[in-house]
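A structural walkthrough
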Amino acid sequence: MIASLAWRNVWRNKTRSFAVILALTMGLFGALLIASMSNGMVDKWIKNAIENEISEVQIHQAQYLIMEELGLTMGEKELASVLKKNTNVRSYTSRIRTEAMAMTANNSTQVSLIGIDPEEEKKVTEVHQFMIDGQYLETKSKFKPVIISERLAEKLKVRLKSKIIFTLADKTGNMAYENFKVNGIFDTNSTMFDDRNVFVRKSDLQKILKLEDGQVHEVALRVTSPEILESTVNVLQHTFPDFKIRDWKVINPTLSMSGSMMTLFNYILVGIVLIALIFGIINTMLMVILERTKEIGMLRSLGMSKRKIAKMITLETIFLCLVGGVMGNLLALGAIEYFGSAGMHFESFKEGMEQFGMSAHIYPKLDYSFYAIITLMVVFTAVLSSIFPIIRAFKLNPALAIRD
Amino acid sequence: MIKLTQILVLVCLTSLSAFAQNSTEIIQKSLDKLNGKSSQGEMEMTIVRPRYTRSMTMKSWSLGNEYFLIYITGPARDKGQVFLKRQTDMWNWIPNISRMIKLPPSMMGQNWMGSDFTNDDLVKMNSLVEDYTHKLIGEDQIDGLDCYKIELIPKPNSSVVWGKINMWVSKEEYYQMKGEYFDEDFELINTMEASEITQFDDRKLPAKLVMTPLNKPGNQTIMLNKNLKFSTNLQQGFFSQQNMKRVR
Amino acid sequence: MKRKIILAWRNLWRNKKRTYITLASVTFAVVIATMMRGLQLGTYDKMLDDAITSTTGHVALMDKLYWDDKTLLNSMEFPPNLEEVLRADPNLDFWVPQLFSGALVSSGQHTRGVLVQGVDPQVQDRQINLSEKIIEGSYLSDEDEAVLIGKELSLFLRIGVGDTIVLLGQGYMGVTAAAKYPIKGIYDHPMAEFNKRLVFLPLATAQYLFFMEGRLTNVNLVLKDNEEVSNTQTYYQSKMDTTLLEARGWRTMNKEILSGIESDNFFGKIMIGILYMVIGFGLFGTILMMTMERKKEFSIMIAIGMRRTKLLTQVILESIMIAGIGALAGLIISFPAVYFYYLNPIPVPEESADMYRQMNMEPILQISIKPGYMVLQFAVVLCVSIVASVIPLNNIMKFNIVDIIRGRQ
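Because the structure is a prediction, the values reported are computed rather than measured.

**Some points on the overall build of chain C**
Within chain C, the secondary structure is distributed over 16 helices and 14 strands. Dimensions of chain C along its principal axes, counting C-alpha atoms only, are 105 × 45 × 30 Å. The proportion of buried residues among the 409 residues of chain C is 42%.

Put into structure tokens, the structure is as follows:
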């Protein structure tokens, strides 16, 4: 009964209600959209980093991480036998890496030379999706293929089919000079990654470094779902006490911290918008009370309890806010779903964002739980805003109110 | 010393194939002229920069293409330093800290003693004969001498940074009078010019060699051979780390 | 006109309750907009300032060729008169003389390429709080012929405090730079890459090592106020030999940071836009109701012969007044509030604080106290509230007074 009364009350003065509803709708819509954009940005950033660069888990010889000596390898077979059986491991790949000097007639620069198994690597990282010219490491040519980033290609002044000579030390410390042909050029969203990393075939690099068959420096793997990440790391660490097993949160703490920071920041944003709205809602409800002085007085003298009147006012506020809240949520949902697949493009900030490994193409994204929590926050705001008008209403003298 | 010059010059350059008989032979002859089996000498290297010019003096010993040893005699700050190259590796003996340092790959891109040669240029064993195919593309006069102009194209598998080299070899005495070094797009990167033909030991050779990087205006490295002996009795054992600490 | 104003003023206070509600809305709007924008701008400024202070400085003095080709060949001779000029410059917070060069560090069998930075220990400490990051041994002093290395580098070289390392590189004019130094301290910077690759030694020692006596690669100037950048640039250009040297502004040295902050600021602007919108609608609702409430009053005024246009100007005057007073009150309240948060900045939650420290930033949310943006918030809210109060007034030109007086509408 009271609920329907409150509902009808909302629509008694449409202009006024619409002003509040519109404010809520637009406010929430905007806040949610921004939240989803920053969310999408950070999400993509983390996803990029995991998919292109660090994977979810990396395994190294414990000493290798500090000493970076070529001899500190791991046996591929030993690892593979365990990883294959572990159902939590979706895919894995092994790599050989070393520091090298890349040289052309025009320039020379230091790079990380990473030997990969192209087929296996594709199941773990996505660099092959970022090829802008040429091919990944598949080639029929008799020359050793290398793929480098567009930025490095510009620095060394090379293009497809150009030769690059790498100067590096093999396992015994002897200097080696090896020429590779540029087989493909990639451009990921991360400047730092692009400036440093150069990929060749594992088999080629293994021969150059004089490593034994099946010896690798790094194993990267992806897990079947984020939930079992931690337990998988623990299990593997237990199996291989001599190796250091690290998940992406340990490898790049900045990434995981930004993720949690962004969520917090989104709630703060919505909070600020709601605080700004509280004033409008309180004002409107106060006016409602003032306008209905007579009516409330009448209800009181007819014997309606203070409780019920309070309930009525609270419900009216909640309804008012919910209409706005739901509309805002729906609008935002629509926009986020749309842009979530179409993407939003901010070409003018490309440089700045890629510097931080972020993409200038944003795909807004928001957990559905966020909408639910926001709706709860709206209801809470409504209850909060109704306190003052209720106090106001109780101060009215019913007798005076009717006579007035 | 000439050896060094030759290596420096030619480090940048390298060798020939059995085809193109004629031009390959010319290059081979020019190398024989320059090389000898072993050599010993003194030279002065002048590094020209837009802001300063600096000269260094040094002694050198070499054996074939694979071994050399350089002892810096001046200026004072650098005196006593020794560089040893054995095949693809290079060591540096620094007396004031009594340390022997093997140059790591990360230092290979650095300029050798601040000159226009990189450490890599010194170490690399590219052979003008074996790593290139040769073609006679014309004749020219350099410094008053009639020269063959030979084009050197690196063989596909060789670890040569250049895309092409043009080399001028004098017809009579097979002096390498001029070299032009191009990148893979055939853009000119360095030139090397020889002059001042002088009598050294049993043969005549250009004493002066000027290397000019074209992408760095105002930069030049000039090598001047002061004294050169060929067919010395140097053995591989001379080019050792122990000897680095002893040579004067 | 004066009479109209007096009349409007009196009118305002006839219905105090209504006036107070409206005033409060506008005041609140200004305060919240100011706080939010202040935090945004303050944070950007702080981020930028921290980033600039710990890296290039606001202005850097260097050889004209150095920026594009960072070799000792392009280092600068420190002009003798410059030190006096630097000391006398009231705009400077501090200045950082630097000598930067790549080198090899080696100990026993282990060798790695690093960046060597010759520094004035006190100044460096001020710049990146290096002394607090020492985990073993002690910090450098001016005359030391010793180095500081990072934790990871010490592990790699398998050495500790008191052990000797060899530095080998190329000095000015290609001179071989080689020397042995004892390790005086080991630092642990939150960024591992830093620990692996950066070796510090006192400036004079570095100058000797690299054959750079009387020379520096660059002098970074950290200003007290980042608005003074272009003045400072001009000032130093006039004091130096500009055929050789230049005073470079931070913008050209930190393009990526700048672009990152611009993109962030873009989001910040959208956010503040949303806030204005929310505030605008709130005000609109309130003021709309106020006007509606007065329909009867207006109708009577019209009925007794007041021209509608005159009434309209009267009411607009009231609206402007109320918005003006509210916004002004908001501005006045904002000042101490902003100042309070300026003095007592809000700390960043602990789990994110490390990330700030990693980036050499203080983990606080800094609020800006530049008056410019506050006045802007005042102006924006004033405009929004005037618009919000004027729109409902077009009713005055339309409504049917008879209906209203009789209470039919």
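**Let's talk about the overall build of chain B**
Each helix and strand counted, chain B has four helices and 13 strands in total. Counting over 248 residues, chain B shows a buried share of 48%. In chain B, once contacts between residues fewer than 6 apart in sequence are set aside, the share between residues at least 24 apart is 53%.

**As for the nonpolar core**
Here is a general trend for soluble globular proteins: nonpolar side chains tend to be buried in one another's company. In this structure, Val169 of chain B together with Val147 and Leu167 of chain C are the most contacted members of the largest nonpolar core, which totals 174 residues. When residues no more than four places from it in sequence are discounted, the contact partners of Val169 of chain B are Ile26, Ile27, Ser30, Cys147, Tyr148, Ile150, Tyr174, Tyr175, Gln176 and Met177 of chain B. The next biggest cluster of nonpolar side chains, apart from the first, holds 91 residues, and it includes Ile362 and Phe370 of chain A together with Leu331 and Met374 of chain C.

**Some details on helix 15 (residues 368–395) of chain A**
All names here are of chain A. Taking 1.5 Å per residue as the helical rise, helix 15 with its 28 residues ought to reach 40 Å, and the 42 Å between its terminal C-alpha atoms agrees with that figure. Roughly 30° is the biggest bend found in helix 15, and it falls at Ile387, with proline Pro389 one to four residues downstream. All buried positions along helix 15 are accounted for by Phe370, Tyr371, Ile374, Val378, Thr381, Ala382, Ser385, Ser386, Pro389 and Ala393.

**A word on the pairing of strand 10 (residues 176–182) of chain B**
Residue and element names in this part refer to chain B. Within strand 10, five of the seven residues are buried, leaving the element largely enclosed by the surrounding structure. Bridge analysis of strand 9 (residues 164–170) against strand 10 gives six bridges, and the strand direction is antiparallel. Looking at strand 10, one finds that Val169 is bridged to Gln176. Joining the antiparallel neighbours strand 9 and strand 10 is a turn of five residues, in which Tyr174 adopts a positive phi near 55°. Pairing of strand 10 with strand 11 (residues 188–200), which is carried by five bridges, proceeds in the antiparallel orientation. Of the residues in strand 11, the one forming a bridge with Phe182 is Leu188. Linking two consecutive strands that pair antiparallel, namely strand 10 and strand 11, is a turn of five residues; a positive phi of about 60° is found at Phe186 within it.

**Thoughts on the packing of helix 2 (residues 16–54) of chain C against helix 14 (residues 371–390) of chain C**
Residues and elements named next belong to chain C. For the pair helix 2 and helix 14, the least separation of the axes is 9 Å and the interaxial angle reads 140°. Comparing the axis directions of helix 2 and helix 14 gives the class oblique. Once helix 2 is placed against helix 14, the crossing between them reads as right-handed. Contacts between helix 2 and helix 14 involve Val26, Ala29, Val30, Ala33, Thr34, Arg37, Gly38 and Leu41 on the former and, on the latter, Tyr373, Met374, Gln377, Phe378, Val380, Val381 and Ser385. Its residues assigned to classes, the contact of helix 2 with helix 14 comprises ten nonpolar, four polar and one charged.

**Describing the confidence of the model for chain C**
Residue and element names in this part refer to chain C. Per-residue confidence for chain C gives a mean pLDDT of 83; residues scoring 70 or more make up 92%. Within chain C, strand 6 (residues 147–150) carries the highest mean pLDDT (94), whereas helix 16 (residues 401–406) carries the lowest (65). In the predicted complex, the global pTM is 0.75; the interface-specific ipTM is 0.78.

**Concerning the interface of chain A and chain B**
Each partner contributes residues to the interface: chain A has 21 residues there, and chain B has 17 residues. Among the secondary structure elements, those contributing two or more residues to the side of chain A that touches chain B are strand 3 (89–103), strand 4 (108–116), strand 7 (163–169) and strand 8 (175–186) of chain A. Sorting elements by how many residues they give to the side of chain A that touches chain B places strand 7 of chain A first, with five residues.

**Quick word on unusual backbone geometry**
The linkage connecting Gly74 of chain B with the following residue, Pro75 of chain B, adopts the cis geometry, with an omega of 0°. Tracing the sequence through the fold places Pro75 of chain B in the loop between strand 3 (67–74) and strand 4 (82–86). In this structure, Lys161 of chain A takes a positive phi of about 75° despite not being glycine. With respect to the helices and strands, the residue Lys161 of chain A is situated in the loop between helix 6 (150–156) and strand 7. Even without being glycine, Arg158 of chain C reaches a positive phi, approximately 55°. Mapped onto the secondary structure, Arg158 of chain C falls in the loop between helix 5 (151–157) and strand 7 (164–170).

**Thoughts on the confidence of the model for chain B**
Across chain B, the average pLDDT comes to 83, with 90% of residues at or above 70. Counted against residues more than four places away or in other chains, residues 10–21 of chain B, with its pLDDT under 50, gives 41 contacts.

**Focus on the packing of helix 1 (residues 2–14) of chain C against helix 12 (residues 308–343) of chain C**
Residues and elements named next belong to chain C. Viewed as axis vectors pointing N to C, helix 1 and helix 12 meet at an angle of 65°, and their least axial separation amounts to 9 Å. By the angle between their directions, the pair helix 1 and helix 12 is classed as roughly perpendicular. For the pair helix 1 and helix 12, the sense of crossing is right-handed. In contact with Lys4, Ile5, Leu7, Ala8, Trp9, Asn11 and Leu12 of helix 1, helix 12 contributes Gln314, Leu317, Glu318, Met321 and Ile322. The class makeup of the residues in the contact of helix 1 with helix 12 is eight nonpolar, two polar and two charged.

**Some words on the pairing of strand 8 of chain A**
Residues and elements named next belong to chain A. For strand 8, the buried fraction is high: nine of the twelve residues fall into the buried class. Both strand 5 (residues 131–134) and strand 8 contribute to a ladder of three bridges, which runs antiparallel. Bridge pairing in strand 8 links Met131 to Phe186. Bridge count for strand 6 (residues 145–149) against strand 8 is five bridges, and the pairing is parallel. Across the sheet, Ile148 pairs through a bridge with Ile185, a residue of strand 8. Summarising the sheet, strand 7 and strand 8 pair through seven bridges and their orientation is antiparallel. By the bridge assignment, Ala169 is partnered in strand 8 with Met175. Remark: five residues form the turn of the hairpin made by strand 7 and strand 8, two consecutive strands paired antiparallel; Gly173 in that turn has positive phi of roughly 95°.

**Considerations on the environment of Val114 of chain C**
Residues and elements named next belong to chain C. Secondary-structure assignment places Val114 in strand 4 (residues 110–119). Taking the C-alpha atoms as reference, Val114 lies 5.8 Å from Gly102; in sequence the two are twelve residues apart. What Val114 contacts, discounting residues up to four positions off in sequence, is Ala103, Val105, Arg197, Leu198 and Val199.

**As for the environment of Ser231 of chain A**
Examined against the element boundaries, Ser231 of chain A turns out to sit in helix 9 (residues 229–239). Sequence spacing of Ser231 of chain A and Asn88 of chain A is 143 residues, and the spatial spacing of their C-alpha atoms is 9.3 Å.

**Topic: the environment of Ile94 of chain B**
Inspection of the secondary structure puts Ile94 of chain B in strand 5 (residues 89–94). When the 19 C-beta atoms within 10 Å are taken as the criterion, Ile94 of chain B is described as partly exposed. Considering only alpha carbons, one finds Ile94 of chain B and Val82 of chain B, twelve residues apart in sequence, at a separation of 6.9 Å. Not counting residues up to four positions away in its chain, the partners in contact with Ile94 of chain B are Gln81, Arg99 and Ile101 of chain B together with Thr176 and Ala178 of chain C.

Scoring rules and cut-offs
Residues numbered from 1 in each chain as written. Chains lettered and ligands numbered in written order. Predicted model: local features only at pLDDT ≥ 70, side-chain atom pairs only at ≥ 80, totals over all residues. Helix = DSSP H or I, 4+ residues; strand = E, 2+ residues; numbered from the N terminus. Buried ≥ 20, exposed ≤ 12 C-beta atoms within 10 Å, placed from the backbone. Contact = placed C-beta atoms within 7 Å. Core = buried A, V, L, I, M, F, W, Y, C linked by C-beta atoms within 7 Å. Expected span 1.5 Å × (residues − 1). Bend = angle between axes of the 7 residues up to and from the residue. Pairing = 2+ DSSP bridges. Axes fitted to C-alpha atoms, helices over the stretch in contact; angles between N-to-C directions. Parallel < 35°, antiparallel > 145°, perpendicular 65-115°, else oblique. Left-handed = near helix turned anticlockwise from the far one by under 90°. Nonpolar A, V, L, I, M, F, W, Y, C, P; charged D, E, K, R; others polar. pLDDT = per-residue confidence, 0-100.

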